[in-house]
Number of protein chains: 6
Amino acid sequence: MNGLACKNPAWVQANDFSFSGLHNPGNTGNPFGSAVTPVTVAQIPGLNTLGISMVRIDYAPWGVVAPHYHPRATEILTVIEGSLEVGFVTSNPDNRLISKTLQKGDVFVFPVGLVHFQRNIGHMNVVAISGLSSQNPGVSTIANVVFGSKPDISTDILAKAFQVDKNIVQQIQWRF
Amino acid sequence: MNGLACKNPAWVQANDFSFSGLHNPGNTGNPFGSAVTPVTVAQIPGLNTLGISMVRIDYAPWGVVAPHYHPRATEILTVIEGSLEVGFVTSNPDNRLISKTLQKGDVFVFPVGLVHFQRNIGHMNVVAISGLSSQNPGVSTIANVVFGSKPDISTDILAKAFQVDKNIVQQIQWRF
Amino acid sequence: MNGLACKNPAWVQANDFSFSGLHNPGNTGNPFGSAVTPVTVAQIPGLNTLGISMVRIDYAPWGVVAPHYHPRATEILTVIEGSLEVGFVTSNPDNRLISKTLQKGDVFVFPVGLVHFQRNIGHMNVVAISGLSSQNPGVSTIANVVFGSKPDISTDILAKAFQVDKNIVQQIQWRF
Amino acid sequence: MNGLACKNPAWVQANDFSFSGLHNPGNTGNPFGSAVTPVTVAQIPGLNTLGISMVRIDYAPWGVVAPHYHPRATEILTVIEGSLEVGFVTSNPDNRLISKTLQKGDVFVFPVGLVHFQRNIGHMNVVAISGLSSQNPGVSTIANVVFGSKPDISTDILAKAFQVDKNIVQQIQWRF
Amino acid sequence: MNGLACKNPAWVQANDFSFSGLHNPGNTGNPFGSAVTPVTVAQIPGLNTLGISMVRIDYAPWGVVAPHYHPRATEILTVIEGSLEVGFVTSNPDNRLISKTLQKGDVFVFPVGLVHFQRNIGHMNVVAISGLSSQNPGVSTIANVVFGSKPDISTDILAKAFQVDKNIVQQIQWRF
Amino acid sequence: MNGLACKNPAWVQANDFSFSGLHNPGNTGNPFGSAVTPVTVAQIPGLNTLGISMVRIDYAPWGVVAPHYHPRATEILTVIEGSLEVGFVTSNPDNRLISKTLQKGDVFVFPVGLVHFQRNIGHMNVVAISGLSSQNPGVSTIANVVFGSKPDISTDILAKAFQVDKNIVQQIQWRF
């Protein structure tokens, strides 16, 4: 899946299984007001083939992690500090929004392959830690994939898909 | 995954493994100008656990199958009649659009979990047949999931995610 | 399973995911009166690891695809043109033949690992398209495996297995 | 796969994981001169989901286990007593016969989904023990599947498949 | 694997995917000076089939999580507060101890099926959060399994296995 | 999992699928009075990816195979000669010992990942043959992993884990 070869077991060391710095807040000074610090097989080579990874997520007040999905992983999130609105949407035909406001110590699950999001709904920073069920979960952020691909998807296709005028599609495409 | 129990092997019949009518055009009289006729475990019970399904897709002139993804299946499509623009977008951080114009007899692959779309680019109807690598592939259509969920995702979250004014978000939400 | 390495994602192109020519009839001028045009990982490198492939099958009048099985794939077939007799046989101890006559637009499933066959039962050419649940499904054609292996299976073993005289076994072996 | 439910772990007993009698020779008084004593999930309920089973095989002098394959299991066989000719045939297009004569203490592997057979080539009884990589490996014996299905595969199809006269096909069908 | 049936998708609610209280310290007043608070499919039914779970671990000063392994999960642990000695031992024949002292913000991986342990090496409480790659990871604590099974493993077997006098084995068995 | 590449199918030979000598008794002249002769992918390269292996186990009178587990395989064992006490222990919280005395021809299953052991309870040599559900099952022998790792696990941790004095821990560590 990820094309990585395994290290000879005789040569592995503790450093192949460790990472430092997850206590450091990420930089939320961006339009979304959020930051994700991943600890996947890219950071810990020893995770290769082991089916798990971890991320820290920081949210400035009212910061958002935009709707996205992980093609290869379920996510289980716990709130370390603050209050967080979270939700995921089921696939066709129901497209039900399953959402909840989490407090410190709450845990929530985003099932594999479903679009989900989070939003800080308070005036303080929020910190969350998540486990993901793949060493290389992948992320497809909807806005980037649909309106920010390189090259662009035809404006005409998106106008038809979202049932809006082409100039609105272009307005969004310019942002990404 | 799908919660279906298997039939006693002694009782299975040919009808548990068959379906009729895939030669019939779907009804493309809708805003998208397209129609999908699925043949999954919902239509053929004998597909349970077997990891495959099939669909027929019809496109009116300039009809579109809007951006969507299958959480559990890769799709392999062949054009039976007409010319079809197809594409998929890779996940973060590259978000590359891989696209092509297909003619009759061309085959194209949409990898599992990636957002993809098709558009009829001619003045005649287009027909395609696809195989999918799951008996129950699932579909998440981006516009429906993001702007048409029940209940709605907060306008504020979507405005931030797509970096547009809330009234544009609401305009799209009203359509779904 | 197939020993193929994946291409660097940054270098993939639309051509790694496409194939042309599935609208062309195969050459049925052979003793079986049938032809299979495969579209597997051998034709589309981008199918590697994705668990799906497609074939076109052409049948001259009364042409047969001889009994065979796919060790790694279920097959879902639809008839594009003509009438086709199809069937598969369950494993021991029942060895039930599940068969049906298909018309244009009919779909039929051959479960993974079970022996199956098709026969054109009309006076016109038949065309079918199948999806298979592996990028490299494999094919073991019974007659070739049993009577046409290189080197031959001992005539004595086959005579005992099929409960016939050795000269009948040799007669079949000579054909393969 | 096999539709069996698991027992409540609190109720399992040693008897759910054991079987007696594998030291007893099977009855080889049949046209093939061989007998298979299976120890699968049908004999040991505790094997459910565990991916392994075992068989004892007895061969009278010159006895044969006819060409067959296991759709869900690789087989690893060791000869406890006697001399045994074994072989398997690779899938299309090569159809290579990989065969060997085994002595007491030799071990041989029959890869999943490939047709294989054994024959006692001595004047004494042979005993073998095999492990199989499924709790429910399944068996498709070629002669039974092709010439002994219920109902029969059309004589015409088999005549074409094996490139012989219909009366030879019927002669074999009568035996099964 | 766990014998749980899935809920009808139409009836799932946010509560099927959430849990509260992971900010509460566990009770470390026990001989080991540690406490594990699990959030698995037993606490969140919606985790069924999703391949992930989470635990909070509390360690009193010098508290120990005794050597154990998870038959079905890799564990990825991050230290929220304090200093923690961690290690795992590779399988035969090397039995290498891979260990490290972790500080706040450090992350460490315990590969599936390998024996591992943790110890608080400071004078303050330690808190860690782990993700595990199964909704039902299972735990086999070595001391409990070997010296505390019900009924006991024969003293004679353990004396031979650990190469010590039987009275030492019995002394340990009495504790469990 | 094991990092082995597959051989080109065109070059495989019968020797890639065979091994000789499993009829030879292993050398039980060691403190445990037992010997294991493995036939895994290390002995038969053709087993790669095929999910099965085999072992012969010899036990001198009162010889023991010490408590161990296979992280990647279920084991199915049959007694060829003699009487054998066998058992496995379920995971937390029950830690039930499921045990039985086997006679010649008896078969017993040790589920994947659970600690198990065997002991010859008679005055003659015992021989057993096992199948294992992986080409590379792995073995973690409890005493070696816990008391014989290189370097040692801290005496303090083991004393706390087994609830005994440090000098007893050291006494066991010295043996391994």
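Residues numbered from 1 in each chain as written. Chains lettered and ligands numbered in written order. Predicted model: local features only at pLDDT ≥ 70, side-chain atom pairs only at ≥ 80, totals over all residues. Heavy atoms only, no water.

Caption draft 1: Main features of the UniProt feature "binding site: oxalate" (unreviewed entry) in chain A. Residue and element names in this part refer to chain A. Taken from the UniProt record, the annotation "binding site: oxalate" (unreviewed entry) applies to His 70 and Glu 75. Positionally, His 70 belongs in the loop between β4 (64-69) and β5 (75-81). When neighbours within four sequence positions are excluded, Glu 75 is seen to be in contact with Ile 57, His 68, His 70, Phe 108, Val 109, Phe 110, His 116, Gln 118, Ser 130, Gly 131 and Leu 132. Within polar-contact distance, the side chain of Glu 75 engages the side chain of His 70 at 3.1 Å. (UniProt positions renumbered as here; feature names shortened; annotations may be inferred. Helix = DSSP H or I, 4+ residues; strand = E, 2+ residues; numbered from the N terminus. Contact = heavy atoms within 4.5 Å. Polar contact = N/O pair within 3.5 Å; in protein donor to acceptor, adjacent residues only side chain to side chain.)

Caption draft 2: Highlighting the sheet that holds strand β7 (residues 97-102) of chain A. Read from one edge to the other, the open sheet built from five strands follows the order β7-β6-β9-β4-β11 (chain A), with strand pairing classed as antiparallel. The open sheet has two edge strands, β7 and β11 (140-141) of chain A, and neither has a second partner. Relative to β11 of chain A, β4 of chain A runs antiparallel, the two sharing two bridges. Following the sheet pairing, Tyr 69 of chain A is matched in β11 of chain A by Ser 140 of chain A. On the sheet, helix α2 (residues 155-162) of chain B packs against β4, β6 (84-89) and β9 (115-120) of chain A and is oriented at approximately 80° with respect to β4 of chain A. (Pairing = 2+ DSSP bridges. Axes fitted to C-alpha atoms, helices over the stretch in contact; angles between N-to-C directions.)

Caption draft 3: Summary view of the environment of Gln 103 of chain A. Residue and element names in this part refer to chain A. With respect to the helices, strands and loops of the structure, Gln 103 is situated in the loop between β7 and β8 (107-110). For Gln 103, a relative accessible area of 38% gives the class partly exposed. Taking C-alpha positions, Gln 103 is 8.6 Å from Ile 80, a pair spaced 23 residues apart along the chain. Not counting residues up to four positions away in its chain, the partners in contact with Gln 103 are Val 79, Gly 82 and Ser 83. (Buried < 20%, exposed > 50% of the residue type's maximum accessible area, 1.4 Å probe, protein only.)

Caption draft 4: Main features of the arrangement of the chains. Chain C makes no contact with chain E; the smallest distance between any of their C-alpha atoms is 21 Å. Between chain A and chain F there is no contact, and the shortest C-alpha to C-alpha separation is 6 Å.

Caption draft 5: Expanded view of the relation of the copies chain F and chain D. Rotating chain F by 180° and moving it 0.0 Å along the rotation axis overlays it on chain D with an RMSD of 0.0 Å. Overall, the copies show the geometry of a two-fold rotation axis. Closest approach to the rotation axis among the C-alpha atoms of chain F is made by Gly 131 of chain F, whose C-alpha sits 2.4 Å away. Here 98% of the interface residues in chain F have copies in chain D that are interface residues too; the copies meet face to matching face. (Least-squares fit on C-alpha atoms with pLDDT ≥ 70 in both.)

Caption draft 6: Region of interest: the packing of helix α2 (residues 155-162) of chain A against helix α3 (residues 166-175) of chain A. All names here are of chain A. Here α2 crosses α3 at 110°, and the two axes come no closer than 9 Å. By the angle class used here, α2 and α3 are roughly perpendicular. On the side of α2, the interface is formed by Thr 155, Asp 156, Leu 158 and Ala 159, while α3 contributes Lys 166, Val 169, Gln 170 and Gln 173. Each residue belonging to the contact of α2 with α3 can be placed in one class, and the counts come to three nonpolar, three polar and two charged. (Parallel < 35°, antiparallel > 145°, perpendicular 65-115°, else oblique. Nonpolar A, V, L, I, M, F, W, Y, C, P; charged D, E, K, R; others polar.)

Caption draft 7: Geometry of the interface of chain F and chain D. Contacts between chain F and chain D engage 45 residues on the former and 44 residues on the latter. Between chain F and chain D, roughly 3300 Å² of surface is buried when both sides are summed, and carbon and sulfur atoms account for 70% of that area. Linking chain F with chain D are zero salt bridges, by the criterion used here. One can count 20 residue pairs in polar contact (both at pLDDT 80 or more) joining chain F with chain D. Sorting the residues of the side of chain F that touches chain D by element identifies β1 (18-19), β3 (53-59), β5 (75-81), β7 (97-102), β8 (107-110) and β10 (126-132) of chain F as the ones contributing at least two each. Across the side of chain F that touches chain D, the residue classes tally to 26 nonpolar, 15 polar and four charged. (Buried area = accessible area lost by both parts, 1.4 Å probe. Salt bridge = Lys/Arg side-chain N within 4 Å of Asp/Glu carboxyl O.)

Caption draft 8: Up close: the domain arrangement of chain A. Annotation of chain A at the domain level lists domain 1 (29-138) and domain 2 (141-176). Centre-to-centre, using C-alpha coordinates, domain 1 of chain A lies 25 Å away from domain 2 of chain A. (Domains from an automatic or database assignment.)

Caption draft 9: View of the interface of chain C and chain D. Contacts between the two partners involve 53 residues from chain C, matched on the other side by 53 residues from chain D. Carbon and sulfur atoms make up 64% of the surface buried where chain C meets chain D, a total of about 4500 Å² over both sides. One can count two salt bridges joining chain C with chain D. Counting only elements with at least two residues in the side of chain C that touches chain D, the list comes to β4 (64-69), β6 (84-89), β9 (115-120), β11 (140-141), α1 (142-147), α2 (155-162) and α3 (166-175) of chain C. Per-class residue counts for the side of chain C that touches chain D are 30 nonpolar, 14 polar and nine charged.

Caption draft 10: A look at the sheet that holds strand β10 (residues 126-132) of chain B. Spatially, β2(B)-β3(B)-β10(B)-β5(B)-β8(B)-β1(C) is the arrangement adopted by the six strands of the open sheet, whose pairing is antiparallel. At either end of the open sheet lies a strand with only one pairing partner, and these are β2 (34-39) of chain B together with β1 (18-19) of chain C. Relative to β10 of chain B, strand β5 (residues 75-81) of chain B runs antiparallel, the two sharing six bridges. For Val 79 of chain B, the partnering residue across the bridge sits in β10 of chain B and is Ala 128 of chain B.

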